[in-house]
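Architecture and fold: a report
Single-letter residue listing:
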Amino acid sequence: MKTYKIKLEDKAALINSLKKINIGVDSFDINDNELDNSFEITFNNPQDENAAKAILRTHTGIDQLKELLRKMIREELSK
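The following refers to the structure shown. Everything quoted here is computed from the prediction, not taken from an experiment.

1. Brief notes about the overall build of the protein
Looking only at helices and strands, the protein has two helices and three strands in total. Of the regular secondary structure in the protein, the N- to C-terminal order runs β-α-β-β-α. The buried share of the protein, taken over its 79 residues, is 24%. In the protein, the proportion of contacts linking residues at least 24 apart, taken out of those at least 6 apart, comes to 71%. As displayed, the protein has an accessible area near 6,100 Å², and 52% of this comes from carbon and sulfur atoms.

2. Let's talk about unusual backbone geometry
Here the phi dihedral of N22 falls at roughly 60°; this positive angle occurs in a residue that is not glycine. Position of N22 relative to the elements: it lies in the loop between helix 1 (11-20) and strand 2 (30-33).

3. Notes on the nonpolar core
Among the nonpolar cores identified, the biggest contains 14 residues, and Y4, I6, L14, L18, F39, I41 and F43 are the most heavily contacted of them. If you list the elements that add at least two residues to this core, you get strand 1 (2-7), helix 1, strand 3 (38-43) and helix 2 (46-78). When residues in this core are grouped by element, the largest group, four residues, is from helix 2.

4. Some words on the side chain of E49
Mapped onto the secondary structure, E49 falls in helix 2. You can call E49 buried: its relative accessible area is 15%. Ignoring any residue separated from it by four or fewer positions in sequence, one finds E49 in contact with K2, Y4 and F43.

Calculation rules
- Residues numbered from 1 in each chain as written.
- Predicted model: local features only at pLDDT ≥ 70, side-chain atom pairs only at ≥ 80, totals over all residues.
- Heavy atoms only, no water.
- Helix = DSSP H or I, 4+ residues; strand = E, 2+ residues; numbered from the N terminus.
- Buried < 20%, exposed > 50% of the residue type's maximum accessible area, 1.4 Å probe, protein only.
- Contact = heavy atoms within 4.5 Å.
- Areas by Shrake-Rupley, 256 points an atom, 1.4 Å probe, with all protein chains shown as cover.
- Core = buried A, V, L, I, M, F, W, Y, C linked by side-chain atoms within 4.5 Å.

See the structure below:
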């Protein structure tokens, strides 16, 4: 059993990605924490956990790409 803490704004994207690959997410497996703008999701099956890791790696790459683009835009606007 593995629990991940993820930004609340990525909740819909993660759940939709899991549904696309036929991994059911139960509402009892998700705990929202609005104080620190995050949620925790627990996976009991190792196969589901591996699929979630792959999806989270993808989200991390997208976030890094967005941050890189933001830096480039800030540099161009500061000129």
